[in-house]
Amino acid sequence: MATCRPRSVCCVGDIHGYISKLRKLWSNLEQAVGPSDFQSALIIFLGDYCDRGPNTKEVLDFLISLPSNYPNQHHVFLCGNHDFAFAAFLGLLPTPIDGSDFSSTWKEYAMNEERERWYMGHGYQNMHLQGRRWAGRMIGFNRAKNTDYQGSIYDAAPTFESYGVPHGSAELMKVVPDEHKKFLADLVWIHEEENVSIETEKGLQNCKLIAVHAGLEKGKGVKEQVDYLKAKDTRIPKVEPLSGRKNVWDIPEELSETPTIVVSGHHGKVHIEELRLIIDQGGGMVSNPVAAIVLPSKTLVLDTEQLVK
C-alpha cells in the first residue's frame with residue numbers, strides 16, 4: 001500500500017513592500033516544491049507586508065489575488081507589527097473588548113511621544129498607540145538598523161508614497177482601496193495547524209505548528225497568549241508576540257511536552273534550530289533577500305536564487 005506524501009507547507013518571511021522580490025520568491029517556491037504539490041500547498045505568510053520597500057500597494061494586490069489564482073492552495077496571512085500599525089492608522093482594528101478608548105494605549109509609552117513625534121492629525125484622538133507611532137515623524141540615523149529613518153519609527157513613508165500620498169497624510173485613510181482595508185482587517189495574529197511533518201534528527205516527525213509573527217513570550221502561559229491573540233485583544237499597547245525580540249526568541253518550555261513547531265518572521269535573520277524556525281532573511285533591507293522555508297524538508301528558498309527547471 002502506497003504511503004501518502006506529507007503535505008507541503010511554505011512559510012514566507014517578511015516582504016516589506018518589495019513586489020519584485022515577492023514575485024521571484026513565489027516562482028522559486030513553485031520550482032522548489034514542484035508545480036503539482038505547490039498547487040495544493042499550505043502557504044503561511046508570516047507578516048510585515050508593508051513599509052521600507054517601495055511597493056506596499058502592489059504587494060497587497062498580489063497577496064489578495066492568490067486565493068483566486070491558486071484556488072487549491074490554503075493561504076494564511078499573519079499580522080506583523082508593521083501591518084498592525086498600518087491597520088491601526090486606518091481605523092481597522094477591532095475595538096477594545098472592555099469598551100475602553102484606544103487612547104488608553106498611549107499612557108505606558110507617553111514618555112516617547114515627543115521623541116517619536118506621534119501623529120497628531122485627523123482622527124488621532126482615538127487612535128491606537130501603534131497607529132500614531134506609525135504615522136509619526138522620525139528623522140536621523142537608526143543605529144539599530146544602520147540606516148536613516150524613512151518617515152517614522154516604522155519606516156512607513158514608502159507605504160504612504162505607494163498609495164500616492166505624503167508620509168503622515170490623513171488622505172491615506174481615503175485612498176487605500178476597500179479590498180486592502182478588508183485584507184488588513186482580516187489578518188490573523190496567530191495560526192495553529194495540526195499534523196505538520198518536519199525533518200528532524202530523529203527522522204520525519206509529525207507536529208503541531210504555531211505561526212506567529214515574532215514568537216511566543218517566555219514566562220507567560222501558552223494558552224493565555226493563544227487566547228488573547230485569537231481574540232485580537234487591542235487593549236494591549238504593544239503586542240509582544242507581534243513585536244518582541246529576546247523575550248519571544250525561544251519556544252516556551254511547556255510546548256516541549258507535545259512536539260510543536262513555532263515559526264516566525266520579524267527578527268531580521270534566519271534561525272533554524274530543531275522545531276524553532278525564524279524566517280526573515282530580508283528585514284526590509286533593500287540589499288537582503290526575502291526568504292521562505294518549505295516543510296517537511298526545511299529547505300530554505302530565497303528570491304535571489306536561480307533555480308534550474
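Residues numbered from 1 in each chain as written. Predicted model: local features only at pLDDT ≥ 70, side-chain atom pairs only at ≥ 80, totals over all residues. Heavy atoms only, no water.

**A look at the overall build of the protein**
Heads up, the rule is: Secondary structure counts use DSSP, requiring at least four H or I residues in a row for a helix and at least two E residues in a row for a strand, with both numbered from the N terminus. Based on C-alpha atoms, the radius of gyration is set beside the globule rule, defined as 2.2 Å times the residue count to the power 0.38. We call two residues contacting when some pair of their heavy atoms lies within 4.5 Å. Only four residue types enter the tally: Lys and Arg on the positive side, Asp and Glu on the negative side; His and the chain ends are excluded. Taken as the charge location is NZ of Lys, CZ of Arg, CG of Asp or CD of Glu.
Looking only at helices and strands, the protein features 11 helices and 12 strands. Computed over its C-alpha atoms, the radius of gyration of the protein comes to 19 Å, within 12% of the 19 Å expected for a compact globule of 309 residues. Dimensions of the protein, computed from C-alpha atoms along their principal axes, come out at roughly 65 × 40 × 35 Å. Excluding contacts between residues fewer than 6 apart, the proportion of contacts in the protein whose partners are at least 24 apart in sequence is 66%. For the protein, the separation between the mean place of its 33 positive charges and that of its 40 negative charges on side chains is 3 Å.

**Comments concerning the UniProt feature "domain: Calcineurin-like phosphoesterase" (unreviewed entry) in the protein**
Condition: UniProt positions are given in the numbering used here, feature names are shortened, and annotations may be inferred rather than shown by experiment.
On the UniProt side, "domain: Calcineurin-like phosphoesterase" (unreviewed entry) is annotated at positions that read residues 9–106 here. As annotated, residues 9–106 has a helix share of 44% and a strand share of 12%, and its two end C-alpha atoms lie 39 Å apart.

**Concerning the packing of aromatic side chains**
Our working definition: The rule is short: rings of Phe, Tyr and Trp, with Trp giving its six-membered ring, pair when the centres are within 6.5 Å, and they are stacked under 30 degrees, edge-to-face over 60, tilted in between. Here's how the labels work: a residue is buried when its accessible area is under 20% of the maximum for its type, exposed when over 50%, partly exposed in between, all with a 1.4 Å probe on protein chains only.
Scanning the entire structure with this criterion turns up 16 aromatic pairs. Each ring, one from Trp26 and one from Phe62, has its centre 6.0 Å from the other, and the planes form 85 degrees; the classification is edge-to-face. Placement of Trp26 in helix H1 (residues 19–33) and of Phe62 in helix H3 (residues 56–69) is noted, with a sequence separation of 36 residues between them. Of the two residues, Trp26 and Phe62, both sit in the buried class.

**Considerations on the sheet that holds strand E3 (residues 74–77)**
Note: strands within a sheet are paired through backbone hydrogen bonds, in either parallel or antiparallel orientation. Applied cut-off: One bridge is not enough; two strands pair if DSSP finds at least two bridges between them. Lines fitted to the C-alpha atoms define the axes, with helices restricted to the stretch that makes contact. Angles between their N-to-C directions range from 0 to 180 degrees.
If you trace the five strands from one edge of the open sheet to the other, you get E3-E2-E1-E11-E12, paired in mixed fashion. At either margin of the open sheet sits one strand with a lone partner, and together these are E3 and strand E12 (299–302). On average, each strand axis in the sheet is tilted by 20 degrees relative to the strand beside it, whichever way the strands run. Summarising the sheet, strand E1 (residues 9–12) and strand E11 (residues 291–295) pair through four bridges and their orientation is antiparallel. Of the residues in E11, the one forming a bridge with Val9 is Leu295.

**Concerning the environment of Leu277**
On the secondary structure map, Leu277 appears in strand E10 (residues 276–279). With 145 residues separating them along the chain, Leu277 and Arg132 place their C-alpha atoms 31 Å apart. Excluding anything up to four places from it in sequence, Leu277 contacts Ile198, Ile261, Val262, Val263, Ser264, His271, Ile272, Ile293, Leu295 and Lys298.

**Some thoughts on the side chain of Lys232**
Note the cut-off: Definition used for salt bridges: Asp or Glu carboxyl oxygen within 4 Å of a side-chain nitrogen of Lys or Arg. What qualifies as a polar contact is a pair of N or O atoms within 3.5 Å, subject to a donor-acceptor requirement within protein and to the restriction that residues adjacent in sequence count only when both atoms come from side chains.
With respect to the helices, strands and loops of the structure, Lys232 is situated in the loop between helix H10 (222–230) and helix H11 (240–243). No salt bridge is formed by the buried Lys232, whose closest oppositely charged neighbour, Asp186, lies at an N-O distance of 5.9 Å. A distance of 2.6 Å separates the side chain of Lys232 from the backbone oxygen of Leu187, its partner in a polar contact. When residues no more than four places from it in sequence are discounted, the contact partners of Lys232 are Pro94, Ala185, Asp186, Leu187, Val188 and Trp189.

**Describing the sheet that holds E10**
Spatially, E6-E7-E8-E10-E9 is the arrangement adopted by the five strands of the open sheet, whose pairing is mixed. Among the strands making up the open sheet, the edge pair consists of strand E6 (191–200) and strand E9 (270–273). With direction set aside, neighbouring strand axes in the sheet form an average angle of 30 degrees. As paired elements, E9 and E10 share four bridges and run antiparallel to each other. Among the inter-strand pairings, Glu273 is bridged to a residue of E10, identified as Arg276.

**Structural notes on the nonpolar core**
Applicable threshold: Grouping buried Ala, Val, Leu, Ile, Met, Phe, Trp, Tyr and Cys residues that are joined through side-chain atoms within 4.5 Å yields what is termed a nonpolar core.
Phe45, Tyr49, Leu63, Phe86, Phe89, Trp134 and Leu172 are the most contacted members of the largest nonpolar core, which has 68 residues in total. Setting aside residues up to four positions removed in sequence, Phe89 forms contacts with Tyr119, Met127, Gly131, Trp134, Ala135, Phe160, Ser169, Ala170, Leu172 and Met173. Among the nonpolar cores identified, the runner-up in size contains 21 residues, and Leu46, Cys207, Leu275 and Leu302 belong to it.

**Concerning H10**
Within H10, burial applies to Val222, Gln225, Val226, Tyr228 and Leu229. On its buried face, H10 sits against E6 and H11. Positioned one or two residues after H10, Lys232 has a phi angle of 50 degrees, which is positive.

**Quick notes on the state of the cysteines**
Quick reminder of the rule: Disulfides are defined as cysteine sulfur pairs within 2.5 Å.
For the coordinates displayed, the defined rule picks out zero disulfides. As a non-bridged cysteine, Cys11 has Cys10 as the owner of its nearest cysteine sulfur, 7.6 Å distant. The structure places no disulfide on Cys207, whose sulfur is separated from the nearest cysteine sulfur, that of Cys11, by 13 Å.

**Focus on the pairing of strand E7 (residues 203–211)**
Of the pairings in the sheet, the one linking E6 to E7 comprises eight bridges and is antiparallel in character. Note on E7: the bridge partner recorded for His191 is Ala211. Counted between consecutive antiparallel strands, the loop separating E6 from E7 contains two residues. Bridging between E7 and strand E8 (residues 260–264) involves four bridges; their strand directions are parallel. Note that in E8 the partner of Lys208 across the bridge is Thr260.

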